Amino acid sequence: LSLTIREFNEEDLADCIHLGREMVDHHRAIYEDENIPYGDEELKEKLLRRDENWLKFVAVENNSIVGLLILEIRKATCEVDYIVVAKGKRGRGVGKTLMNKAKEIAIKKGCREIMAKVAARNVEAIKFYNKNGLNCLGMIEVFTPLSREGEEQWYKRGKKTVFLGFECYY
Ligand SMILES: CC(C)(COP(=O)(O)OP(=O)(O)OC[C@H]1O[C@@H](n2cnc3c(N)ncnc32)[C@H](O)[C@@H]1OP(=O)(O)O)[C@@H](O)C(=O)NCCC(=O)NCCS
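Residues numbered from 1 in each chain as written. Predicted model: local features only at pLDDT ≥ 70, side-chain atom pairs only at ≥ 80, totals over all residues. Heavy atoms only, no water.

Student: Honestly, the pairing of strand 6 (residues 160-163) in this entry has me stumped. Any pointers?
Tutor: On a regular strand, one side chain projects to one face of the sheet and the next to the other, so that they alternate. Of the pairings in the sheet, the one linking strand 6 to strand 7 (residues 166-169) comprises four bridges and is antiparallel in character. Bridge assignment links V162 to a residue of strand 7, and that residue is E167. Hairpin connection between strand 6 and strand 7: a loop of two residues separates the two successive antiparallel strands, and L164 in this loop has a positive phi of roughly 50 degrees. (Pairing = 2+ DSSP bridges. Helix = DSSP H or I, 4+ residues; strand = E, 2+ residues; numbered from the N terminus.)

This is the structure we're talking about:
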């Protein structure tokens, strides 16, 4: 795999926005919801934000951008704010190479740990993180729906799991 990881620069913007759309496509698929917005503007803001504790990297293979990683250094904790690999390039070690970069940077910045937030439905990403050593559980987000839309969001697909002994919809 002839892969390079380098810092993001503004010429990469369009390619990264495209990767952001693939991230949303993935969430549309797992939540069976075609109405999840692409959020190009939000990602553009993230990509153009300049801050020494906000770090952006791209994975490049044969001159094309195949992955994006955004890290936020918050004192002892390095958060993986964003990680995506191009749809046709998954499962070949690109994500792992990006996570190794995250570890290298976090150590260099003196962090004690790396963390990521992940949608409970994104079981593949949870497996990916687990394989990369993110195997300690922190805060859990819990919800109760209050409207028809909320109920649709959480109950309609009937996806249920048992987590720490409790039955949960996800
Ligand atoms: C999650 C993602 C970044 C992983 O990148 P990737 O390049 O496909 O992952 P890699 O090929 O480097 O895999 C690294 C390890 O994770 C495992 N892994 C990756 N995807 C997996 C999956 N779908 N199911 C099970 N294991 C998986 C691999 O088996 C590999 O393990 P190994 O080291 O024992 O071989 C990529 O699938 C992606 O972009 N997904 C959509 C966006 C997304 O969900 N991002 C995370 C949001 S929080």
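Student: How should the site of the ligand be read in this particular structure?
Tutor: As a matter of local geometry, the ligand sits amid 20 residues, with V85, G91, G93, G95 and K96 nearest to it. Here I83 contributes a backbone N or O atom positioned 2.9 Å from a nitrogen atom of the ligand. At a separation of 2.8 Å, an oxygen atom of the ligand approaches a polar backbone atom of G95. Taking 920 Å² as the accessible area of the ligand by itself, protein coverage stands at 78%. Only helix 1 (13-30), strand 4 (77-85), helix 3 (94-108) and helix 4 (123-131) provide two or more residues apiece to the shell around the ligand. Looking at side-chain class alone, the shell around the ligand contains eight nonpolar, five polar and seven charged residues. (Near = heavy atom within 4 Å. Polar contact = N/O pair within 3.5 Å; in protein donor to acceptor, adjacent residues only side chain to side chain. Areas by Shrake-Rupley, 256 points an atom, 1.4 Å probe, with all protein chains shown as cover. Nonpolar A, V, L, I, M, F, W, Y, C, P; charged D, E, K, R; others polar.)

Student: Help me out: how do you make sense of the sheet that holds strand 3 (residues 64-74) in this one?
Tutor: Strand-to-strand pairing in sheets goes through backbone hydrogen bonds, with the strands running parallel or antiparallel. The strand order across the open sheet built from five strands is 1-2-3-4-5, with neighbouring strands paired in mixed fashion. Bordering the open sheet on either side are strand 1 (3-7) and strand 5 (113-116), each of which pairs with just one other strand. The sheet shows a mean angle of 30 degrees between the axes of neighbouring strands, taken without regard to direction. As paired elements, strand 1 and strand 2 (residues 54-61) share five bridges and run antiparallel to each other. Along strand 2, the bridge assignment pairs I5 with A59. (Axes fitted to C-alpha atoms, helices over the stretch in contact; angles between N-to-C directions.)

Student: I tried to follow the packing of aromatic side chains on my own but got confused; where do I start?
Tutor: Scanning all chains against the criterion turns up three aromatic pairs. Considering the side-chain rings of F128 and Y129, the 5.6 Å spacing of their centres and the 55 degrees angle between planes classify their relative orientation as tilted. Between the aromatic rings of F143 and W154, the centroid separation amounts to 4.8 Å while the plane-to-plane angle is 25 degrees, which identifies the pairing as stacked. Of this pair, F143 sits in the loop between helix 4 and helix 5 (148-155) while W154 sits in helix 5, and the two are eleven residues apart along the sequence. By relative accessible area, W154 is classed as partly exposed at 21%. When the ring centre of W54 is taken as origin, the NZ or CZ atom of R49, which lies over that ring, is 4.0 Å away. Positioned above the aromatic ring of Y170 is the side chain of R121, whose terminal nitrogen or guanidinium carbon lies 5.9 Å from the ring centre. (Phe/Tyr/Trp six-rings, centres within 6.5 Å; stacked < 30°, edge-to-face > 60°. Buried < 20%, exposed > 50% of the residue type's maximum accessible area, 1.4 Å probe, protein only. Lys NZ or Arg CZ within 6 Å of the ring centre and 35° of its normal.)

Any functional reading would require information beyond the geometric quantities listed.
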